[in-house]
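Residue-level structural notes
Spelled out from the first residue to the last, the chains are:
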Amino acid sequence: MRALFGGFVFVVGNDVPQEVLSLVVACGGRVCRELTAATTHGLVVGPECGDSIDVEQLRGLRIPILRTHWIRACVAALRILPMKGAAAAFDPFLFDSLLFTTTMMRCDLKDRVAALIIFLGGSYSPHLTISTDVVLVGDVAVESISGSDCVVDVSLVDKSHRGPAKPLGAANAGVKRGVRSSKLKLAASRSIPCVNLVWLQKCISTGQVHLPVTGGL
């Protein structure tokens, strides 16, 4: 019990209750008010992360930010619990073990999405392989087809690309309609989830990854 948080060094906000700080120290952890080279985690009260610690700096350094109820839950369980979902205000390993690819996405957006996935612990490949876990469908399909839904209906994407090709606006330069929909068909045949950027944003905002059961058919 005394070594439960051994090796943990929390940078804490001013709003973190003294009772929580006492629990950390009593269980072998350390707390500080400023970020140091020894800091392992951030600790905040609520989802807004507070303004008393440098949240952006912690995120930039990929340091997990936990909520105070995680401390209480660990003490009650007498073990370190997963730092996922509601327990984390920022999880730098949100997409750990997941391999993503993209389709029907502008080149500039694809580069930013790939960088974000890698930053949050995932892997990215421009190709659909037997190891691919998720296909992210770009803004062309999202704007014209899926709306606020997170799962892309592959049959609708296919229909939207039938007939003569239409000129793309400047905002969608670099996206070839009809060509990359074959990647969606292949993903669906392999039951690989096909999701849009709304899904990606929801994962990041909630700190949880909920994959559809199938490829969106």
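In the nomenclature of an unreviewed UniProt entry, the protein is known as BRCT domain-containing protein of Trypanosoma brucei gambiense.

1. A short note on unusual backbone geometry
For Ser97, which is not a glycine, the phi torsion comes out positive at approximately 80 degrees. For Ser97, a relative accessible area of 64% puts it in the exposed group. One non-glycine residue with positive phi stands out, namely Met104, at about 55 degrees. In this fold, Met104 is placed in the loop between strand E6 (99–103) and helix H4 (107–119).

2. A look at the sheet that holds strand E4 (residues 65–67)
Read from one edge of the open sheet, 5 strands run E2-E1-E3-E4-E5, paired in mixed fashion. Sheet topology places strand E2 (30–32) and strand E5 (88–90) at the edges, where each strand pairs with a single neighbour. Within this sheet the neighbouring strands show an average axis-to-axis angle of 35 degrees, counted without direction. Lying on the sheet, helix H1 (residues 18–26) is in contact with strand E1 (9–12), E2 and strand E3 (41–44); it crosses E2 at an angle near 135 degrees.

3. Notes on the pairing of E6
Consecutive side chains along a regular strand alternate between the two faces of the sheet. For E6, the tally of buried residues reaches 5 of 5 residues, placing the bulk of the element in the interior. Side chains Leu99, Thr101 and Thr103 project from E6 onto one buried face, and the interleaved Phe100 and Thr102 project onto a second face that is buried too. Strand direction decides the pairing type here: E6 and strand E7 (residues 123–124), joined by 2 bridges, are parallel. Its bridge partner being in E7, Leu99 is matched across the sheet by Ser123. As a crossover connection, the stretch from E6 through H4 into E7 is right-handed. As paired strands, E6 and strand E8 (residues 134–137) are joined by 4 bridges and run parallel to one another. Within E8, the residue paired with Thr101 across the bridge is Val135.

4. Remarks on the side chain of Asn196
Tracing the backbone shows Asn196 in strand E9 (residues 194–196). On the basis of relative accessibility, which here comes to 0%, the residue Asn196 falls in the buried class. At 3.1 Å, the side chain of Asn196 and the backbone nitrogen of Trp199 are in polar contact.

5. Section: the pattern of salt bridges
Scanning the entire structure with this criterion turns up 5 salt bridges. A salt bridge links Asp108 to Arg112, with the nearest nitrogen and oxygen atoms 3.7 Å apart. Linking Asp108 with Arg112, this pair stays in helix H4, spanning 4 residues, or about one helical turn. On the basis of relative accessibility, which here comes to 40%, the residue Asp108 falls in the partly exposed class. Residue classification places Arg112 among the partly exposed residues on the basis of a relative accessible area of 49%.

6. Structural notes on the sheet that holds E6
If you walk across this open sheet you meet the 4 strands as E7-E6-E8-E9, and the pairing is parallel. At either end of the open sheet lies a strand with only one pairing partner, and these are E7 and E9.

7. Focus: the packing of H4 against helix H8 (residues 197–206)
Running from N to C, H4 and H8 cross one another at 30 degrees; their axes reach a closest spacing of 13 Å. Looking at the two axes, H4 sits roughly parallel to H8. In this structure, H4 crosses over H8, and the sense of that crossing is left-handed. Contact residues: Leu109, Val113 and Leu116 in H4; Leu197, Leu200 and Ile204 in H8. Here the contact of H4 with H8 is built from residues that sort into 6 nonpolar, no polar and no charged.

Thresholds applied
Residues numbered from 1 in each chain as written. Predicted model: local features only at pLDDT ≥ 70, side-chain atom pairs only at ≥ 80, totals over all residues. Heavy atoms only, no water. Buried < 20%, exposed > 50% of the residue type's maximum accessible area, 1.4 Å probe, protein only. Helix = DSSP H or I, 4+ residues; strand = E, 2+ residues; numbered from the N terminus. Pairing = 2+ DSSP bridges. Axes fitted to C-alpha atoms, helices over the stretch in contact; angles between N-to-C directions. Contact = heavy atoms within 4.5 Å. Right-handed = clockwise from strand over helix to strand, strands pointing away. Polar contact = N/O pair within 3.5 Å; in protein donor to acceptor, adjacent residues only side chain to side chain. Salt bridge = Lys/Arg side-chain N within 4 Å of Asp/Glu carboxyl O. Parallel < 35°, antiparallel > 145°, perpendicular 65-115°, else oblique. Left-handed = near helix turned anticlockwise from the far one by under 90°. Nonpolar A, V, L, I, M, F, W, Y, C, P; charged D, E, K, R; others polar.

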